[in-house]
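Summary of the model geometry
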Amino acid sequence: MDKLEQMRRKSERIKKMFPPGTRGTVDDVDDIGTIFPKWDNGSGLGLVYGEDRFRRLTPEELEEERLAAEQEARNDVGMQM
């Protein structure tokens, strides 16, 4: 297998591990600026600022998710009674 094919296969494996929408919370930034989130899927892959594509969620998005989670929790409690 040539080098290009190895790189392509590695890229495909990473794409499967990190589908669009993979989420994480920034845990650390190292001395060269690599961002290390705690990914929701358990991975430890870092992000290279300026090279990798990612975005920070807005306060409005975070609040919307918090409210949705609260509503879901209330619905779960109601279903258990």
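Residues numbered from 1 in each chain as written. Predicted model: local features only at pLDDT ≥ 70, side-chain atom pairs only at ≥ 80, totals over all residues. Heavy atoms only, no water.

Overview of the overall build of the chain
- A tally of helices and strands in the chain yields 2 helices and 3 strands.
- In sequence order, the secondary structure elements of the chain are arranged as α-β-β-β-α.
- Rg of the C-alpha trace for the chain: 18 Å, well past the compact-globule value of 12 Å for 81 residues, more than 25% over.
- Principal axes of the C-alpha set define a box for the chain whose edges measure 60 × 30 × 15 Å.
- The buried share among the 81 residues of the chain stands at 10%.
- Carbon and sulfur atoms make up 54% of the accessible area of the chain, which totals about 7400 Å².
- Of the side chains in the chain, 14 bear a positive and 18 a negative charge, and the two mean positions are spaced by 7 Å. (Helix = DSSP H or I, 4+ residues; strand = E, 2+ residues; numbered from the N terminus. Rg over C-alpha atoms; globule rule 2.2 N^0.38 Å. Buried < 20%, exposed > 50% of the residue type's maximum accessible area, 1.4 Å probe, protein only. Areas by Shrake-Rupley, 256 points an atom, 1.4 Å probe, with all protein chains shown as cover. Lys, Arg positive; Asp, Glu negative; His and termini not counted. Charge placed at Lys NZ, Arg CZ, Asp CG, Glu CD.)

Concerning the pairing of strand E1 (residues 24-29)
- In this structure, E1 lies alongside strand E2 (residues 34-39), joined through 5 bridges in antiparallel fashion. Note that in E2 the partner of Gly24 across the bridge is Trp39.
- Between the antiparallel neighbours E1 and E2 lie 4 residues, among them Gly33 with a positive phi of about 90°. (Pairing = 2+ DSSP bridges.)

What about the side chain of Ser43?
- Assignment of secondary structure puts Ser43 in the loop between E2 and strand E3 (47-48).
- Overall, Ser43 belongs to the buried group, its relative accessible area being 18%.
- Among the polar contacts made by the side chain of Ser43, one reaches the main-chain amide nitrogen of Leu45 at a distance of 3.2 Å.
- Once residues within four sequence positions are removed from consideration, Ser43 is found in contact with Met17, Phe18 and Pro37. (Polar contact = N/O pair within 3.5 Å; in protein donor to acceptor, adjacent residues only side chain to side chain. Contact = heavy atoms within 4.5 Å.)

Purely geometric numbers; function is a separate question.
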